[in-house]
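One-letter residues, chain by chain:
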Amino acid sequence: MQHIKHLFTLIFIFLLVSPSQAQHSAGNAPGNRPLPKKQITLTGTITDADKLIPLEFATISVFSLRDSSLLSGGLTDDKGFFEIKTAPIPQYAVVEFISFQKQVVKIPLDRSQLKASKRKIDLGNISLQGAGLELDGVTIRAEKSETYFSLDKRVFNVGKDLANQGGSAEDILNNVPSVTVDIDGVVSLRGSEGVRILVDGKPSGLVSRKGNGLKSIPASLIESVEVITNPSSRYEAEGVAGLINIILKKDKGSGFNGSFDINAGLPWEGGVGANVNYRKGKVNWFANYALKYRTSPGGGYSYQKQTVNDIVRYQRIDQDRQQNSLNNSIRFGIDYLPSDKETLTGAFLYRTSNEDNTVDLVYKDYLNTPENLTAITNRSDDENENDSNLEYSVSYRKQYSSRKHTLSASVQYRDKLSKENSDFFEERTFGVAIDDLIQTSRNNEGEKTWLSKIDFKKPLFDGKGKLELGMRNSFRNVSNDYVVKELINGELLRLPQLSNMFNYDEQVQALYTQLGQEIGNFSYQLGLRAEYTDIRTELEETKERNDRNYFNVFPSAFLNYKLSQINSLQVNYSKRIRRPRFWDLNPFFSFSDSRNTYSGNPDVNPEFTDSYEINFISYWDNLTVSTGLFYRHTRENIVWILDFREDGTTNRQPQNLGTNDDLGLEVTFQYSAIKWLKLDANANLFQNKQDVFGAEGLRNTDYFTWFGRITPRIIMWKGSDLQIRFNYRAPRETVQGSRQAIATLDVGWSLDVMKNTATFNLSVRDIFNSRRHQGTTIGTNFYREAEFRWRLRSVNLAFNYRINQKKKRGRGGSGGSGFGGGQF
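These figures come from a predicted structure and were not determined experimentally.

1. With respect to the pairing of strand 35 (residues 638-644)
Then comes step 1: Burial analysis of strand 35 places 5 of its 7 residues in the buried class, the great majority of the element.
Then comes step 2: The pairing of strand 35 with strand 36 (residues 650-656) spans 7 bridges and is antiparallel. Counterpart to Val639 in the pairing with strand 36 is Gln655.
Then comes step 3: Between strand 35 and strand 36, which pair antiparallel one after the other, the connecting turn spans 5 residues, and Gly648 there sits at a positive phi close to 95°.

2. Regarding the pattern of salt bridges
Then comes step 1: This structure, assessed with the given rule, holds 30 salt bridges.
Then comes step 2: Lys120 serves as the salt-bridge partner of Glu83, at 3.9 Å between the closest nitrogen and oxygen. Taken together, the residues span a long stretch of sequence, with Glu83 in strand 4 (residues 81-86) and Lys120 in strand 7 (residues 119-128) at a distance of 37 residues.
Then comes step 3: Measuring nitrogen to oxygen at the nearest pair gives 3.9 Å for the salt bridge that ties Asp455 to Lys453.
Then comes step 4: With relative accessibility at 26%, the residue Lys453 sits in the partly exposed group.

3. Overview of the packing of aromatic side chains
Then comes step 1: According to the stated counting rule, one finds 17 aromatic pairs in the structure shown.
Then comes step 2: An angle of 25° between the planes, with centres 3.8 Å apart, marks the rings of Phe644 and Phe782 as stacked. Of the two residues, Phe644 sits in strand 35 while Phe782 sits in strand 46 (residues 782-789), which places them 138 residues apart along the sequence.
Then comes step 3: Taking the relative accessible area as the measure of exposure, Phe782 reaches 4% and is therefore buried.
Then comes step 4: When the ring of Trp706 is compared with that of Tyr728, the centres are 5.1 Å apart and the planes differ by 40°; the resulting orientation is tilted. Of this pair, Trp706 sits in strand 39 (residues 701-717) while Tyr728 is found in strand 40 (residues 720-729), placing the two residues 22 residues apart along the sequence.

4. Here we look at the nonpolar core
Then comes step 1: Counting residues in each nonpolar core, the largest one holds 23 residues, and the members touching the most others are Leu173, Val176, Val179, Val187, Val225 and Ile244.
Then comes step 2: Once residues lying within four places of it in the same chain are set aside, the contact partners of Val187 are Leu173, Val179, Thr180, Val181, Ser192, Glu193, Val195, Ile197, Leu214 and Ile244.
Then comes step 3: Core analysis: the next-biggest nonpolar cluster, separate from the first, contains 21 residues, Phe424, Trp583, Phe591 and Phe608 among them.

5. Details of the confidence of the model for the protein
Detailed reading of predicted coordinates is not advised where the pLDDT is low.
Then comes step 1: Taken residue by residue, the protein gives an average pLDDT of 83. The fraction at 70 or more is 83%.
Then comes step 2: For residues 808-824, every residue scores under 50 in pLDDT, and the model assigns this stretch 82 contacts once sequence neighbours within four places are set aside.

6. A word on the sheet that holds strand 1 (residues 40-48)
Then comes step 1: The 3 strands lie next to each other as 4-1-7, forming an open sheet whose pairing is mixed. The two strands at the open ends of the sheet, each matched to only one other strand, are strand 4 and strand 7. Each strand axis lies, on average, 20° off the axis of its neighbour in the sheet, ignoring direction.
Then comes step 2: When strand 1 meets strand 4, the two strands line up antiparallel, connected through 6 bridges. Within strand 4, the residue paired with Leu42 across the bridge is Ile84.

7. Side note on unusual backbone geometry
Most peptide bonds adopt trans geometry, and most residues besides glycine take a negative phi value.
Then comes step 1: For the peptide bond that leads from Leu266 to Pro267, omega is -10°, which places it in the cis range.
Then comes step 2: Despite not being glycine, Lys755 shows a phi value in the positive range, around 55°.
Then comes step 3: Structurally, Lys755 can be placed in the loop between strand 43 (742-753) and strand 44 (758-765).
Then comes step 4: Its relative accessible area of 83% is what places Lys755 among the exposed residues.
Then comes step 5: The backbone of Asn781 shows a phi angle near 60°, a positive value even though the residue is not glycine.

Rules of the game
- Positions within a chain are numbered from 1, following the residues in the order the chain's sequence is written.
- Only residues with pLDDT of at least 70 are given local features in this predicted model, and only at 80 or more are side-chain atom pairs given and counted; all residues enter the totals for whole chains, interfaces and linings.
- Values shown for side chains rest on all heavy atoms present in the structure; no hydrogens or waters enter the calculation.
- A simple rule labels every residue: compare its accessible area, found with a 1.4 Å probe on the protein chains alone, to the largest value its type can have, and call it buried under 20%, exposed over 50%, or partly exposed in between.
- Counting from the N terminus, the helices are the DSSP runs of H or I reaching at least four residues and the strands are the DSSP runs of E reaching at least two.
- Each pair of strands is called paired provided DSSP finds at least two bridges between the two strands.
- Within this document, salt bridges are pairs made up of a side-chain nitrogen of Lys or Arg and a carboxyl oxygen of Asp or Glu, the two lying within 4 Å of each other.
- For this analysis, a ring pair means two rings from Phe, Tyr or Trp (six-membered ring only for Trp) whose centres lie within 6.5 Å, classed as stacked if their planes differ by under 30 degrees, edge-to-face if by over 60, and tilted for the remaining angles.
- For this analysis, a nonpolar core means a set of buried residues of the types Ala, Val, Leu, Ile, Met, Phe, Trp, Tyr and Cys, connected via side-chain atoms within 4.5 Å.
- Pairs of residues are marked as contacts when any of their non-hydrogen atoms sit within 4.5 Å.
- For every residue, the predictor states its confidence as a pLDDT score lying anywhere from 0 to 100.
- Between the N-to-C directions of two axes lies an angle of 0 to 180 degrees, each axis being a line fitted to C-alpha atoms and, for a helix, fitted only over the stretch in contact.

In C-alpha cells:
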C-alpha cells in the first residue's frame, strides 16, 4: 500500500509539472500557431566559420517577408542539422547562436514552390562568424553551458565546473546531475549501482578498477560527461541503470591551437596538463598529456557488538589512511579526411600510476561490557601499487548521400598490468601477550581486451525514417596471481588458504537492428539486440572451474511526440543486463584489514532489469524544465552482503538476492532570467523496494528517499564568476541496515586575465568537512556502526592558458528536444 501511495504521489507531481508547462510554453513558443495544410519544409546545417564544428541547439526563426511576422522556428540537432515546416509564402530566416554573429538567410521560392504541398528546400550549410557580446557592461563569454539535457541524455561540461578544477574524474562524476559516487568509488545513477562507464564511447582500462581508475583521471583531460538513463538497442546491453560516457578533450580547429593547465592545492596536490591540436588540409593531429600528484588523507572508525553463546564481545576499530599517488597520462591521435564525407582516426593512450599507501588500524576488544577492555592490537599495511594501461584504437566513418546514411567501424586493443605489494605488521600492545604477526601479499593482475564494432544507418520512407544495423564483438582475458606469505619460524611461508591464481575469460558477441520513422509530430523507434556471453573462470590452486554461457535478447522501444518545435514528450522501454564483473567472481583480493575482508563469489549470476521512462522537456527564454518518471524492475539483484563469523571477523561478498524495484521522479531545471545569475538544480525522488525472498539474516526493504543538488553561478564582474554547489543525499535503507544522510558544499571562483586568453580558478571542495559516509549494519546477534571518508576538505588553485582558442563555445538558448540514445 505504501508503494502504491508513492506511485500516485510521483505521478501527480509529474503531471503537475509537465502538461501545465507544455500548455504554457506552447502558447508562447515560435511556430506554435496552426500551419496551413500546404506547407514547405526547410532543411540545412549550421556550423562555425571553418565549417568544422556543427552548432547544436542553434535557433532558426522564420519570418514573413511581407510584414516580418513570425511564421515558424526550430533548433538544430547534435549534427547542426535542422528541419522546419512553414507556410509556402515569401519569407526569410534568422539564425542565432550565442557568441556568434546573427545571420539573415534569404529563402528562395519560385511560383511552383509556392503552389506545391510539403515541398522541401535545402538551404545547405550556413556558417556563422564568432563574436563576443556585451550587455550593460557584462560580458557573455563564448563558453558552454555547464549542463544541457534532452529527453534521455544529459551532458555535463567540465570546463564550466569551477568547483572541480584540479580534481579527478571521480570528483566530476560526483557532481553530475543524477549521479553519485560512494565510499568505495562505486558509481550510481538514479540510485542504482548498475552503471556502465565508457570513455569516448568505448570501454577503457582507465575506469576498469572500482574507484581507483576514476581517481587517476585528471579533470583537465575531460571535455564533458554524457549520461544516458535508458539506452536504445544501438548500445551494449550492459548497465542496468544506464550509461555514462566520459568524453576526452579533442579539438578540430584549423591551424594550431591548444590549452595548458597547471594547478596546486592542499592537502598536497599538484598537476600540469596540455591539450593541443594542429590541423592542416586533410590531417588533424591531437594530443593530451597530464601529470598529477595527489595526497589523500582519510580514515574512520567502526564499532560493533556481537553475541555468541551468551558471550558479548565489543570491538572498536580506528583507521588512519594516507594515499599518495602519481599519475601520468598521454593520448595521441590523428584524423585523416580522404574526402568531405570520410574520416579515418587512429588514437593511442598510455597511462601509468604509482601509489604509496599506508593504513594504520587499532583494534580494541571488550568483553561483556563496553568498559571491560581486554586487548589492544595495532596493524599496519604499507602498500605500493604500480599500474600501466595501454590502448590502441582505429575507427572509420563514411557518410553517403545524407547525414542519415552512414557506415562506421572501429577496432580497439587494451593491455593493462597492475602490480601490488603489501607489508603487514601486527602487534598486541595491551592484554594477553601474543607473537607479533608479519605478513606480505603480492597481487599481479594482467588484462587484455579486443573490441570491434560496426554500425550502419540507412534512411527510409523518403528520409522520414531510418534503419540501423550493427554488430559488436569483445574478447577479454584477466589473470590475477594473489599470494599471501607469513613469517613462521624465521621464514616467509606461502599461505595456501589465502593464495591462488584466478583466470577469467569473457566473450560477448552482439547483433542489433533498429527501425524508426517520423510521422508528423509523432516518431517511433523499435529495436532488438541479441547478445551471446561465454564466461570461463578457473582457480589454478584448486582446479575449480565455473564456466557459463547464455544467450539473451534485449528489446527497446521509444515513442516521441513533439508538442511544439521546442517541447517534447517521450515514452520508452529497454531491457538491460549486469554481468558479474571480474572482482565479483574472484574469491581472493583483499587482506589489508585482517578482521574485515572482501572476496568475490564465483557462483554469482547476472541480473536483468526492465526499465520504463516517461520524459518531458519544456523551454522558455530563460527557463528549462525537464521531468522524468521512471520505473526499474530487477531480477537476480546483485548485492554485497556482510557475513558475520563467531570470532568477530567479517567477510563481504556479492550474492543474488530476489528482486529490486525503483519507482522515481527526476526533475531538472535551469534558470537564467537575471543577467548576473544562472541557476541549475536537479532532484531524484524514488521509492525503493527489495525482496530477498526469505534469505537468512536479511530483511525486505520498502522506503522513500531522494538526493539532489543546486548550483547558483554568479557573474561578479566582467570576466569573473562565482559558483556554489550544495549536494544532499537523504538516508537510505539496505537489506542489512541503513546509510545516513550526506550534505556537502563546494565553491569555485574564476577570473579571466591576459585579454581572456587565460583563466585562474580557485576551488574549495567540501568546505565543512562533511563528506563522510556513515551507516549501520544489523544481523542476528550482531550490530555495527561505521564512519569513513577518503579525503579531507581540499583547496585548489588552477591556471589555464589558451592559444588560438576561446573559452568553450556556448550551446545557445536553453537546450533542445533531441532524443539522445533513443533518437529515431
